[in-house]
Amino acid sequence: MKTMLQTIHISKTYGNDKVKVHALKKCSLSFMEGEFSAIVGKSGSGKSTLLRILGTLDLPDEGEVLLEGEDILHLSDKKLSEIRRKKIGFIYQDYSLFPEYTAYENIILPIHLDGRKEDKEAVMEMMETLGIASCKNKLPAEMSGGEQQRTAIARALAISPAVILADEPTGNLDAENAGEVVMLLSKAARLYHQTIIMVTHDGQMADYADRILRIQDGEVDFESIG
């Protein structure tokens, strides 16, 4: 199994000389291809900062981030944008679907933004796998929270990224839907050999992962196998 994403001694501090918050302190982590990892920690522990840095949405004050062995922190904005478009999928707590687009249109949007035409059969097969084929022509307002989050997952999977970053993806869901969504993420890691990294404060959701990383005060406290 190859290393897909790696951080080497990354640190991040917010604030000024009077008040400083050390969000991350020399964190070194490795995430393998096809592995589903959960990052668990309380609010303010540094887990969301870590996810933003992994997704190139923020930069650390020091350290390195390697994607498939390439140092991505010193690339141009244009190249970073291309990496986010092609190699990293994002899933958010609030779904972030476009309200005026149907489920199908939301899913294929990143494919079109990359200048490609979708494989309609493959998209429908994925919607079937995720249990949202019946939502193809529905707008987000016509779908349940669980269906919207599954649509967001399908959108992230549609571009076949090497890495999927999920920020509290079950935060707005009831226990039943939350469990189903996390099981789908676990299934996606196995089916599509993608590296999936989920931030959560919910220990029960983390138990679905292959590996659990616990972060506290900007430091990875320990790791365990789910």
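Look up a bit, the structure's there.
Residues numbered from 1 in each chain as written. Predicted model: local features only at pLDDT ≥ 70, side-chain atom pairs only at ≥ 80, totals over all residues. Heavy atoms only, no water.

1. Re the overall build of the protein chain
Consideration 1: When you go through the protein chain residue by residue, the secondary structure sums to seven helices and ten strands.
Consideration 2: Against the globule reference of 17 Å for 226 residues, the protein chain gives a C-alpha radius of gyration of 17 Å, in line with a compact fold.
Consideration 3: By its C-alpha atoms, the protein chain is 50 × 40 × 40 Å across when sized along the principal axes.
Consideration 4: Summarising the internal contacts of the protein chain: among those between residues at least 6 apart in sequence, 70% fall at separations of at least 24.
Consideration 5: Accessible area of the protein chain: about 11,100 Å², with a carbon and sulfur share of 48%.
Consideration 6: One way to put it: in the protein chain the 26 positive side-chain charges average out to a point 4 Å from where the 35 negative ones average out. (Helix = DSSP H or I, 4+ residues; strand = E, 2+ residues; numbered from the N terminus. Rg over C-alpha atoms; globule rule 2.2 N^0.38 Å. Contact = heavy atoms within 4.5 Å. Areas by Shrake-Rupley, 256 points an atom, 1.4 Å probe, with all protein chains shown as cover. Lys, Arg positive; Asp, Glu negative; His and termini not counted. Charge placed at Lys NZ, Arg CZ, Asp CG, Glu CD.)

2. As for unusual backbone geometry
Consideration 1: Phi at Ser96 is positive, roughly 55 degrees, even though this residue is not glycine.
Consideration 2: Not every positive phi belongs to a glycine, and Ser160 is a case in point at roughly 50 degrees.
Consideration 3: As for its position among the elements, Ser160 is in the loop between helix 5 (145-158) and strand 7 (163-167).
Consideration 4: Classification of Ser160 by relative accessible area gives exposed; the value is 56%. (Buried < 20%, exposed > 50% of the residue type's maximum accessible area, 1.4 Å probe, protein only.)

3. Describing the packing of aromatic side chains
Consideration 1: Here the structure, examined in full by the defined rule, presents two aromatic pairs.
Consideration 2: An angle of 5 degrees between the planes, with centres 6.2 Å apart, marks the rings of Phe90 and Tyr92 as stacked.
Consideration 3: A relative accessible area of 33% means that Tyr92 is categorised as partly exposed.
Consideration 4: Their ring planes at 40 degrees and their centres at 5.7 Å tell us that Phe98 and Tyr101 sit as a pair that is tilted.
Consideration 5: Take Phe98: its relative accessible area is 37%, and that puts it in the partly exposed class. (Phe/Tyr/Trp six-rings, centres within 6.5 Å; stacked < 30°, edge-to-face > 60°.)

4. So, the sheet that holds strand 2 (residues 20-32)
Consideration 1: Taken in spatial order, the four strands of this open sheet run 2-1-4-5, and their pairing is antiparallel. With one partner strand each, in any of the chains shown, strand 2 and strand 5 (70-71) form the two edges of the open sheet.
Consideration 2: Bridge count between strand 1 (residues 3-15) and strand 2: nine bridges; the pairing is antiparallel. Opposite Gln6, over in strand 2, you have Ser30 as the bridge partner.
Consideration 3: Relative to strand 1, helix 1 (residues 47-54) is tilted by about 125 degrees, and along the sheet it contacts strand 1, strand 2 and strand 4 (62-67). (Pairing = 2+ DSSP bridges. Axes fitted to C-alpha atoms, helices over the stretch in contact; angles between N-to-C directions.)

5. Some details on helix 6 (residues 175-192)
Consideration 1: Here helix 6 spans 26 Å end to end across 18 residues, near enough to the 26 Å set by a 1.5 Å rise per residue.
Consideration 2: Taken residue by residue, helix 6 has Ala178, Gly179, Val181, Val182, Leu184, Leu185, Ser186, Ala188 and Ala189 as its buried positions.
Consideration 3: Looking one or two residues past helix 6, His193 carries a phi angle of roughly 55 degrees, positive in sign. (Expected span 1.5 Å × (residues − 1).)

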